[in-house]
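So you can see what is in the structure, the chains are spelled out below.
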Amino acid sequence: MRIDSYNKKIASLIVIFPPILLIVYAIVSYTIFFTSETRSDKYILNFYKQQVTKEAIKTLKIRVYMVDKVINFNKDNLSNAISFLKNVKISDNRHLVILKDNKIFFTNLEHSKPPVHILKRVNGVYEDSDYLAVSKINNTLGLKIISFMRKDTIKSTIKAIQQKLNESRSQSLRQTIFWLAIIWFLLLFISLWLSTSVYKRLKDYEKSINEKNRDIIFKSRQAMLGELLPMIAHQWRQPLNKISSILMRMRFEIMSGNVHPQRLDQQSQMIEDSVDLMSKTIDDFRTFYRPKEEPQEVDLATVVRRAAYFLEEPINKKNIRLHKDLMNVKAKLHQNEFLQVLINLIKNATDAVEDGGEINISLKEFEDGKIELRIEDNGTGIPEDKLEKIFEAHESSKEASMGLGLYMSKIIIEDRLKGKIKAYNTKNGAGFLIVLYKNGGG
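The structure contained in this document is the topic of the report that follows. (Residues numbered from 1 in each chain as written. Predicted model: local features only at pLDDT ≥ 70, side-chain atom pairs only at ≥ 80, totals over all residues. Heavy atoms only, no water.)

Phe338 and Ile434 are the most contacted members of the largest nonpolar core, which totals 42 residues. Tallying contributions element by element places helix α8 (residues 335–352) first for this core, with eight residues. Residues in contact with isoleucine 434, not counting those within four places in the same chain, are Phe338, Val341, Leu345, Ile371, Glu372, Leu373, Ile413, Lys420 and Ile421. Judged by nonpolar contacts, the second largest core, of 22 residues, contains Val64, Ile71, Met149 and Leu165. (Core = buried A, V, L, I, M, F, W, Y, C linked by side-chain atoms within 4.5 Å. Buried < 20%, exposed > 50% of the residue type's maximum accessible area, 1.4 Å probe, protein only. Helix = DSSP H or I, 4+ residues; strand = E, 2+ residues; numbered from the N terminus. Contact = heavy atoms within 4.5 Å.)

Below, the structure is given as structure tokens:
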């Protein structure tokens, strides 16, 4: 279930990432583009304003120069010059004023008065927010010739240029949005196709992994069953011997005629207890490979003792001293799976130590709900080149082993019980650390 959810997340990410990336790119590009466009527009408008102003000043200078020539040519008959100037057609809003002693001597304005208060200040080239003027002093008659214009013409020219720039920018934006939309839909289509392809591959890979794990689990349980059958026989041997001894005693008493009903009843009860113990042993091993789907609250110390109980025969056979330092710790988990892990680890420790060796098991709970279980021995330790890959499938330092016990232990602890497992070397041998959490999650 976790792998399928992970596959869906990857597929969804493949679908949405390219279009989102394109949208981010479009927003960033839009911001950069229009910021640069605004700066570019300001530069262009400022450039055109300067050029138009220069042309206007140039025209005003030419007009002033021509009027000065006309006045000089008609200096003896100034009325002829005035008549000529009256017939000059006003164009481009460029006006003419001649001042004599700072008073209007001539103007070609018919319906409005020239701004005399401004024109009096004109000396050479003059410019303010509303007017542009050029003046020249006629050296012959001492007249001040002024050609001026309102800046409305320049402003309208700049406005027309700005409008064209805005239209060009709008057209560029429409084209950009059009192509971005096409690219976005293409990317979305490609993303959907790629996502479907990747999701299918991930599902195939998941199926392959699950099949491999099922095969490994089956082989692991077969191998474990082969190891557990002698343990079952050992657990049965003691009660069977006890039953045999009781039956022999009962038979001897019957043959000798020394039969006491009360003693027969006690002996019968002892036989029933032995049979009940054998039945519970079978139940324990029968449910060993049937883990419950939902975790239940389990006393971990009891599970540790049960694991040691299953391995009593090989431990006693090698005279191994088993030390248990167990706190009363309860946690939600799958009991039989955890029991399988403990049997794997304690069995490994049992195989690693020599006759008369030691195995130490400690179980502790911390205030934050973390639980630590350590299994350490004074055996041969783990070779350094094996330490990093000891939990890999088919990896084992024992020749007869299939190398599945620790691999399955890692799967159970980390995938099923949501904990962690680690192997390490100590001064005296090897150790395994299991970290669990009280409520079943890290």
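Moving on from the coordinates now.
Turning our attention to a nonpolar patch on the surface. Taken together, the side chains of Leu186, Phe189, Ile190, Trp193 and Leu194 make up a nonpolar region of the molecular surface, amounting to roughly 570 Å² of accessible area. By the element assignment, leucine 186 lies in helix α4 (residues 152–256). (Patch = residues over 30% accessible without salt bridge, like charges linked within 9 Å, V, L, I, M, F, W, Y side chains within 5 Å. Areas by Shrake-Rupley, 256 points an atom, 1.4 Å probe, with all protein chains shown as cover. Salt bridge = Lys/Arg side-chain N within 4 Å of Asp/Glu carboxyl O.)

Trans is the common state for peptide bonds, and a negative phi is the common state for residues other than glycine. Even without glycine at this site, aspartate 101 takes up a positive phi of about 55°. Positionally, aspartate 101 belongs in the loop between β1 (94–100) and β2 (103–107). Residue class for aspartate 101 comes out exposed when judged on its relative accessible area of 67%. For asparagine 319, which is not glycine, the phi torsion reads 50° and is therefore positive.

The subject of this paragraph is the sheet that holds strand β9 (residues 358–365). The strand order β7-β9-β10-β12-β11 describes an open sheet built from five strands, whose pairing is mixed. Both outer strands of the open sheet, β7 (321–326) and β11 (420–425), are each paired with one neighbouring strand and no more. Strand after strand, the sheet turns through a mean of 10° between neighbouring axes, direction not considered. Two elements, β9 and strand β10 (residues 370–377), share seven bridges in a ladder whose sense is antiparallel. Residue glutamate 365 lies in a different strand from β10, and its bridge partner there is isoleucine 371. Contacts from α8 reach β9, β10, β11 and β12 (430–437), with the element oriented near 25° to β10. The sheet contacts of helix α10 (residues 405–416) involve β11 and β12, and relative to β11 the element is tilted by about 135°. (Pairing = 2+ DSSP bridges. Axes fitted to C-alpha atoms, helices over the stretch in contact; angles between N-to-C directions.)

Any link to function would need more than the numbers given here.
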